[in-house]
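Letter by letter, the chains look like this.
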Amino acid sequence: MITLFKNNSPIALIMLLVLAAMPELKGVFVIHDNINNSTLLFSYINEYLLPLNSNSNGIRFLNIVLLFSESLFLNKIVTDHRLMEKPGFVPAMTFLLLSALLPFRITTFFILISGLLIGLLKILIIIFKQEQPNNNLIAAGFITGSLAAMNTVYWTTYLWLIIALFIMRPASVKEWLICTMGFVLPFYFVLSWQYLTDQLDLKSFFSIGSFAFMLPKYSTLIWTKIAVFITLPVLGLWAYGSQISKMVIQNRKTYLTIFILSIFILVVMILKLNVLGNELMFLLTPASFLFAPFFLSFRKEFIPNLILLAIIVLAVLR
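None of these values were measured; they are calculated from a predicted model. (Residues numbered from 1 in each chain as written. Predicted model: local features only at pLDDT ≥ 70, side-chain atom pairs only at ≥ 80, totals over all residues. Heavy atoms only, no water.)

## As for the packing of helix 8 (residues 156-168) against helix 9 (residues 173-196)
The axes of two packed helices give the description: the angle between them and the distance between them.
And then number 1: Direction vectors running N to C along helix 8 and helix 9 enclose 150°, while the axes themselves pass 11 Å from each other. Between helix 8 and helix 9, the angle falls in the class roughly antiparallel. The element helix 8 and its partner helix 9 pack so that their crossing is right-handed. Contact residues: helix 8 offers Y158, L161, I162, L165 and F166, while helix 9 offers E175, W176, C179, T180 and F183. (Axes fitted to C-alpha atoms, helices over the stretch in contact; angles between N-to-C directions. Helix = DSSP H or I, 4+ residues; strand = E, 2+ residues; numbered from the N terminus. Parallel < 35°, antiparallel > 145°, perpendicular 65-115°, else oblique. Left-handed = near helix turned anticlockwise from the far one by under 90°. Contact = heavy atoms within 4.5 Å.)

## With respect to the nonpolar core
And then number 1: Formed by 95 residues in total, the largest nonpolar core has its most connected members in M93, Y154, W160, F229, Y255 and F295.
And then number 2: Broken down by element, this core gets its largest block of residues, 11 residues, from helix 6 (residues 108-126).
And then number 3: When sequence neighbours within four positions are dropped, the list of residues in contact with F229 reads L98, L101, L102, L280, L283, L284 and A287. (Core = buried A, V, L, I, M, F, W, Y, C linked by side-chain atoms within 4.5 Å. Buried < 20%, exposed > 50% of the residue type's maximum accessible area, 1.4 Å probe, protein only.)

## Notes on the packing of helix 6 against helix 7 (residues 134-150)
And then number 1: The contact between helix 6 and helix 7 brings their axes to 10 Å, and the two run at 155°. Here helix 7 runs roughly antiparallel to helix 6, going by the angle between their axes. Taken as a pair, helix 6 and helix 7 cross one another with a handedness that is left-handed. Note on element contacts: helix 7 touches helix 6 through N136, A139, A140, I143, T144, L147 and M150, opposite F109, I113, L116, L117, G119, L120, I123 and I126.
And then number 2: The class makeup of the residues in the contact of helix 6 with helix 7 is 12 nonpolar, 3 polar and no charged. (Nonpolar A, V, L, I, M, F, W, Y, C, P; charged D, E, K, R; others polar.)

## So, the packing of aromatic side chains
And then number 1: Overall, the coordinates contain 15 aromatic pairs when judged by the stated rule.
And then number 2: The interplanar angle of 65° and the centroid separation of 5.7 Å between the aromatic rings of F104 and Y218 together place this pair among those described as edge-to-face. Here the residue F104 occupies a position in the loop between helix 5 (90-101) and helix 6, and Y218 occupies one in the loop between helix 10 (202-205) and helix 11 (220-245), the gap between them amounting to 114 residues. Per residue, the accessibility class of F104 equals that of Y218, and both read buried.
And then number 3: By way of ring pairs, the aromatic residues W155, Y158, F183 and F187 are connected into one cluster. (Phe/Tyr/Trp six-rings, centres within 6.5 Å; stacked < 30°, edge-to-face > 60°.)

## Digging into a nonpolar patch on the surface
And then number 1: The grouping of F142, V184, Y188 and F189 at the surface amounts to a nonpolar patch, some 390 Å² of accessible area in total.
And then number 2: With 3 residues, the single largest contributor to the nonpolar patch is helix 9.
And then number 3: Examined against the element boundaries, F189 turns out to sit in helix 9.
And then number 4: Since its relative accessible area comes to 47%, F189 is described here as partly exposed. (Patch = residues over 30% accessible without salt bridge, like charges linked within 9 Å, V, L, I, M, F, W, Y side chains within 5 Å. Areas by Shrake-Rupley, 256 points an atom, 1.4 Å probe, with all protein chains shown as cover. Salt bridge = Lys/Arg side-chain N within 4 Å of Asp/Glu carboxyl O.)

This is how it looks when you write it as structure tokens:
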């Protein structure tokens, strides 16, 4: 089965579409407080652009299209920058496979979050060799600011962005300021709109929200899926570690940056333990990237195929 994805087989695209549809085939959609730290930008998108927590057939179809598109975008990044040796469609397959493994059906909100993170990773890779990366620095800051403006807990992504910036290039204070300026822009636009419409309310925009350190009451199956999901990136790094150490410095820094991102997301998950199953969706992009090399780390495909089938079986269990 892995061979189909390695060889860019046309059948692989059909299988990718099936994997993209799997999250939408899970039973009844449960909202419970998965966005309990949302801010005004989230509210504006949800009210004026598209319902981020809707369960309608139209939104379900949109989610499938977005997941499929994001998987191909992630796959293109890996291929273009040679982050894996002959990846084929394996990165896209891994992204969709892990989205199906999530214990709850992924919402449009988290699909957008995943897309923003993929775009942000692309920008960070590009600026490694750029002499004048000002535009991309502003774009990276703007994407991170949009994340923070949609959920107060995601302010942690700003700290990660600054760390990633200094990892990927010998950044100066000027570049840090440019990146920070981009981060502030989403807040500036929303607050300016509120001011012009005489609706300015700083408390509703910068509210800290709620945190909880109490473990939620999930079933054994859900806890199993969560444990497997968190373990898979570590398994991928362990299996592909020797190849990563032989890569060019740009690629090694990329893996380090994504690993640090996964650590920051785990911190977010700890801060919101009461909705752990939902915040786990935030880990989808880095987890997919780190686990994908596992399928390329063996000369024989018995173990990768076995793991792939096991994950599919676990994903379809309810």
